[in-house]
Amino acid sequence: MEYIAFGWFGLMVLFLIFESSTVSLISVWFAAGSLAAMIAALLGAQIWLQAVLFVLVSCILLGCLRPFARRLLKPGIVKTNADALVGTTGYLLEEADNLRGTGRIKLGGVEWTARSATDGVIPMGSLVKVERIEGVKVFVREV
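Every value quoted in this text rests on a predicted model; they were computed, and no experiment measured them. (Residues numbered from 1 in each chain as written. Predicted model: local features only at pLDDT ≥ 70, side-chain atom pairs only at ≥ 80, totals over all residues. Heavy atoms only, no water.)

Chemist: Please give an account of the packing of helix H1 (residues 2-20) against helix H2 (residues 27-42) that cites residues and values.
Modeler: The contact between H1 and H2 brings their axes to 8 Å, and the two run at 165°. With respect to each other, H1 and H2 are oriented roughly antiparallel. The chirality of how H1 crosses H2 is left-handed. Here Ile4, Ala5, Trp8, Phe9, Leu11, Met12, Phe15, Leu16, Phe18 and Glu19 of H1 come into contact with H2, specifically with Ser27, Val28, Phe30, Ala31, Ser34, Leu35, Ala37, Met38, Ala41 and Leu42. The residue inventory of the contact of H1 with H2, partitioned by class, reads 17 nonpolar, two polar and one charged. (Axes fitted to C-alpha atoms, helices over the stretch in contact; angles between N-to-C directions. Helix = DSSP H or I, 4+ residues; strand = E, 2+ residues; numbered from the N terminus. Parallel < 35°, antiparallel > 145°, perpendicular 65-115°, else oblique. Left-handed = near helix turned anticlockwise from the far one by under 90°. Contact = heavy atoms within 4.5 Å. Nonpolar A, V, L, I, M, F, W, Y, C, P; charged D, E, K, R; others polar.)

Below you can see the structure in the form of structure tokens.
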């Protein structure tokens, strides 16, 4: 019966290798099920009990821990200092005209290229609110 334990060990290794090549967090739970079945085999359990343990442990861990693990390991959006500028207001240093490609604004001591969020022309000196940032361009709307 010990040779069956080697089979479960082999399955566990295969599941772990497969998991390391993906980020799905699915086969790691089957590796844990294989570990439970391997331990049962080493303790002398019947093959049907080993299979039941494999299925039960795998399914329980998959159903209960996978959502928690995905939330915990989910890469979040890294906010930058520029994200803090969205919603702030400032005065245009140069007319914002999307067709001519002009517009400048100074926010937080740094000059940015300004573009109109509405595609209309916004005159120089206008008070504007930052709608969004795309690369090095600040899209603004007249207040």
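Chemist: I'd like a description of the sheet that holds strand S4 (residues 127-134), backed by residues and values.
Modeler: In spatial order, the strands read S1-S2-S3-S5-S4; together these five strands close into a barrel with mixed pairing. Taking the axes of each pair of neighbouring strands and ignoring which way they run, one obtains an average angle of 45° across the sheet. (Pairing = 2+ DSSP bridges.)

Chemist: Tell me about H1, residues and numbers included.
Modeler: An ideal rise of 1.5 Å per residue puts 27 Å on 19 residues; H1 measures up with 27 Å between its terminal C-alpha atoms. Among the residues of H1, those classed as buried are Ile4, Ala5, Trp8, Met12 and Glu19. Looking straight down H1, one finds its buried side chains confined to an arc of 105°; they lie on one side. Facing away from the buried side of H1 by over 90 degrees, the exposed positions are Tyr3, Phe6, Leu14, Ile17 and Ser20. In this structure, the buried side of H1 is in contact with H2 and helix H3 (47-73). (Expected span 1.5 Å × (residues − 1). Buried < 20%, exposed > 50% of the residue type's maximum accessible area, 1.4 Å probe, protein only. Arc of directions from axis to C-beta.)

Chemist: Could you give an account of the pairing of strand S3 (residues 110-116), with specific residues and numbers?
Modeler: Looking along a regular strand, one sees the side chains alternate between the two faces of the sheet. Strand direction decides the pairing type here: strand S2 (residues 102-107) and S3, joined by four bridges, are antiparallel. Paired with Leu107 across the strands is Val110, a residue of S3. Between the antiparallel neighbours S2 and S3 lie two residues, among them Gly108 with a positive phi of about 60°. In this sheet, strand S5 (residues 137-142) lies alongside S3 in parallel orientation, the contact comprising four bridges. Paired with Ala114 across the bridge in S5 is Val138.

Chemist: Describe the packing of aromatic side chains, with residues and values.
Modeler: Evaluated as defined, the whole model comprises four aromatic pairs. For the pair Phe30 and Phe54, a centre-to-centre distance of 6.2 Å together with 45° between the ring planes defines the contact as tilted. With Phe30 in helix H2 and Phe54 in helix H3, this residue pair connects regions lying 24 residues apart in the sequence. For Phe54, a relative accessible area of 16% corresponds to the buried category. Here a set of aromatic residues connected by ring pairs shows up, and it is made of Trp8, Phe15, Phe30 and Phe54. The aromatic ring of Phe139 is capped on one face by Arg132, whose charged end is 4.1 Å from the ring centroid. (Phe/Tyr/Trp six-rings, centres within 6.5 Å; stacked < 30°, edge-to-face > 60°. Lys NZ or Arg CZ within 6 Å of the ring centre and 35° of its normal.)

Chemist: Got a sec to walk through the pattern of salt bridges? Specific residues and values, please.
Modeler: One pass over the full model with this rule turns up six salt bridges. The structure contains a network of salt bridges with shared partners spanning Glu94, Arg104 and Glu111. (Salt bridge = Lys/Arg side-chain N within 4 Å of Asp/Glu carboxyl O.)

Chemist: Help me get a handle on unusual backbone geometry, residues and values and all.
Modeler: Positive phi, close to 70°, is recorded for Asp119, a residue that is not glycine. You can see Asp119 is positioned in the loop between S3 and S4.

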